[in-house]
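The lines below spell out each chain.
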Amino acid sequence: MLDLLITHATLPDGRQNMSIAVQGGRIAEVTEGLQAPAHETVDAGGLLVSPPFVDAHFHMDSTLSYGQPRVNESGTLLEGIALWGELKPTLTHDAIVQRALQYCDMAVARGLLAVRSHVDTSHPSLLPVEALLDVKLRVAPYLDLQLVAFPQDGVLRAPGGLDNLKRALELGVDVVGGIPHFERTMAQGAESVKILCELAAERGKRVDMHCDESDDPHSRHVETLAYETQRLGLHGRVTGSHLTSMHSMDNYYVSKLIPLMAEADLGVVANPLINITLQGRHDTYPKRRGMTRVPELMAAGLTVAFGHDCVLDPWYSGGSADMLEAAHMGLHVGQMTSQAGMRQCFDAVTVNPARLLGLEGYGIAPGCHADFVLLHASNPVEAIRLRAARLGVWRRGRRVASSPAPVAQLQLPGRPESVNFTSN
Ligand code: FE2
């Protein structure tokens, strides 16, 4: 007797009429048309069953704090950092934990079951670190929370920045972060990348740095990040987040840079919702879009993910833990409108971030964790178009969330009684 059997599922790779058999929290079999006795059987009715969404870039210590103590008037990254600085002295352990848990509830409802969150290590108290380590333990049964030690005020610029970051790692934070473009000079930024990559190499940690999050075409810390990655043999373990300066760089220089990034097997995270709003604020018209060169980086073989980055915090006034919203924005900003491009946008919120996080047992295949999402869409492209409802979400074979299909009732003579927005 199986624990769970999903039948008539369409998978992201296009296979149809697939059955997914679950036993002991793992996927036992994925076969066309399998019928077998199970404690719970779910007929997917031809709809898409996907591995869960993964967010490769988030800030869970600041989420759901929008308006405290005031809103970001200029809409810039730098005012957001200043505003976060005003908010920090008022933070408490319990308030951070409660907001983070509330966000994780939303995430699970959206089928988002793994999040890499940066956590600010700037203050010597490490209050946000201790709060999010607490949250990590509490949500572990239903969500994988990976933490990055993020020196928001600069690892060299802020007094004690490096020591605080090292202490955060000792407390159990998983990944080494950084913010080279916020250090005092370009040289100090490059020095910070070197120090932090060496620290990660020494301690066997992954790296994920906020890197070149500006409109400055000469901000080139990603070049240093790629260099240090290959110098220290950290291939496939280092991610550059944001990389928005690449949007403004000279094309000739980029033609040299992208192969160097590919050589280092650098991961890339673009945050389309945030960077379409934060960047280009000093422009009149035309206004730059402020997203890194996603299709070109993908074409060069780099693993590129879309992150959500912020929800209701000093930097962003929107969001609801919906990675399909991030994919939808990334598709538009990157003009990724071909069939292949739209499917790559779905990969950018599922398999690609799973690789960057190093998630074990991710996917819909025998032996993987029985974690998946039933979407109200027949394929990945339709899922993005509709920001499809998550009809069911399973974690280790146990249902953890359900939502109804969106159906509108019509009162139109001679027309159907309802519309559900799918193309079928
Ligand atoms: Fe960020």
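What counts, and where the lines are drawn
- Residues numbered from 1 in each chain as written.
- Predicted model: local features only at pLDDT ≥ 70, side-chain atom pairs only at ≥ 80, totals over all residues.
- Heavy atoms only, no water.
- Donors = N, O, S within 2.8 Å, 3.2 Å for Na, K, Ca; no water.
- Helix = DSSP H or I, 4+ residues; strand = E, 2+ residues; numbered from the N terminus.
- Buried < 20%, exposed > 50% of the residue type's maximum accessible area, 1.4 Å probe, protein only.
- Pairing = 2+ DSSP bridges.
- Domains from an automatic or database assignment.
- Contact = heavy atoms within 4.5 Å.
- Buried area = accessible area lost by both parts, 1.4 Å probe.
- Salt bridge = Lys/Arg side-chain N within 4 Å of Asp/Glu carboxyl O.
- Polar contact = N/O pair within 3.5 Å; in protein donor to acceptor, adjacent residues only side chain to side chain.
- Axes fitted to C-alpha atoms, helices over the stretch in contact; angles between N-to-C directions.
- Parallel < 35°, antiparallel > 145°, perpendicular 65-115°, else oblique.
- Left-handed = near helix turned anticlockwise from the far one by under 90°.
- Nonpolar A, V, L, I, M, F, W, Y, C, P; charged D, E, K, R; others polar.

1. Description of the coordination of the iron ion
Here comes step 1: For the iron ion, the full set of protein donor atoms is His 57 (NE2), His 59 (NE2), His 210 (NE2) and Asp 309 (OD), and the range of their distances to it is 2.2 to 2.5 Å.
Here comes step 2: Sequence spacing of the donors to the iron ion: H-x1-H-x150-H-x98-D. Residue His 59 is found in strand S6 (residues 53–59), and its partner Asp 309 is found in the loop between strand S13 (303–306) and helix H11 (323–333); the two are separated by 250 residues along the sequence.
Here comes step 3: Exposure remark for Asp 309: the relative accessible area of 2% places this residue in the buried category.

2. Side note on the sheet that holds strand S15 (residues 390–395)
Here comes step 1: Read across the open sheet, the four strands follow the order S5-S14-S15-S16; overall the sheet is antiparallel. Single-partner strands in this sheet number two, and they are strand S5 (49–50) and strand S16 (398–402).
Here comes step 2: Sheet topology places S15 next to S16; four bridges connect them, and they run antiparallel. Within S16, the position partnered with Arg 395 by the bridge is Arg 398.

3. Some words on the pairing of strand S12 (residues 267–270)
Here comes step 1: Of the two faces of S12, both are covered, the one formed by Gly 267 and Val 269 as well as the one formed by Val 268 and Ala 270.
Here comes step 2: In the sheet, strand S11 (residues 238–242) pairs with S12 via three bridges, with the strands oriented parallel. Within S12, the position partnered with Gly 240 by the bridge is Val 268.
Here comes step 3: Strand direction decides the pairing type here: S12 and S13, joined by four bridges, are parallel. Across the sheet, Val 268 pairs through a bridge with Val 304, a residue of S13.

4. Observations regarding the domain arrangement of the chain
Here comes step 1: Parsing the chain into structural domains produces domain 1 (2–51 + 363–409) and domain 2 (53–357).
Here comes step 2: Counting from both sides, the interface comprises 23 residues of domain 1 and, opposite them, 24 residues of domain 2.
Here comes step 3: Around 1800 Å² of area is buried between domain 1 and domain 2 when both sides are counted, 66% of it from carbon and sulfur atoms.
Here comes step 4: The largest per-residue losses of area from domain 1 upon contact with domain 2 belong to Ile 384, Arg 390 and Arg 395, which jointly make up 39% of the total buried on that side.
Here comes step 5: Summed over the shared surface of domain 1 and domain 2, the result is two salt bridges.
Here comes step 6: Here Asp 144 and Arg 395 are joined by a salt bridge, their closest N and O atoms 3.2 Å apart.

5. Digging into the side chain of Lys 88
Here comes step 1: Considering the arrangement of structural elements, one finds Lys 88 in the loop between helix H1 (77–87) and helix H2 (93–109).
Here comes step 2: For Lys 88, a relative accessible area of 17% gives the class buried.
Here comes step 3: Within the structure, Lys 88 has its side chain in polar contact with the side chain of Asp 120 (distance 2.6 Å).
Here comes step 4: With residues up to four places along the chain from it excluded, the contact list for Lys 88 reads Asp 120, Ser 122 and Asp 153.

6. Thoughts on the packing of helix H6 (residues 221–231) against helix H8 (residues 251–263)
In a packed pair of helices, the relevant descriptors are the angle between the two axes and the axis-to-axis distance.
Here comes step 1: Contact geometry for H6 and H8: axes closest at 9 Å, N-to-C directions at 30 degrees. Between H6 and H8, the angle falls in the class roughly parallel. When the axes of H6 and H8 are compared, the crossing they make is left-handed. Contact with H6, carried on its side by Val 222, Glu 223, Ala 226 and Gln 230, involves Tyr 253, Leu 257, Leu 260, Met 261 and Glu 263 of H8 and no other residues of that element.
Here comes step 2: Taken together, the residues of the contact of H6 with H8 sort by class into six nonpolar, one polar and two charged.

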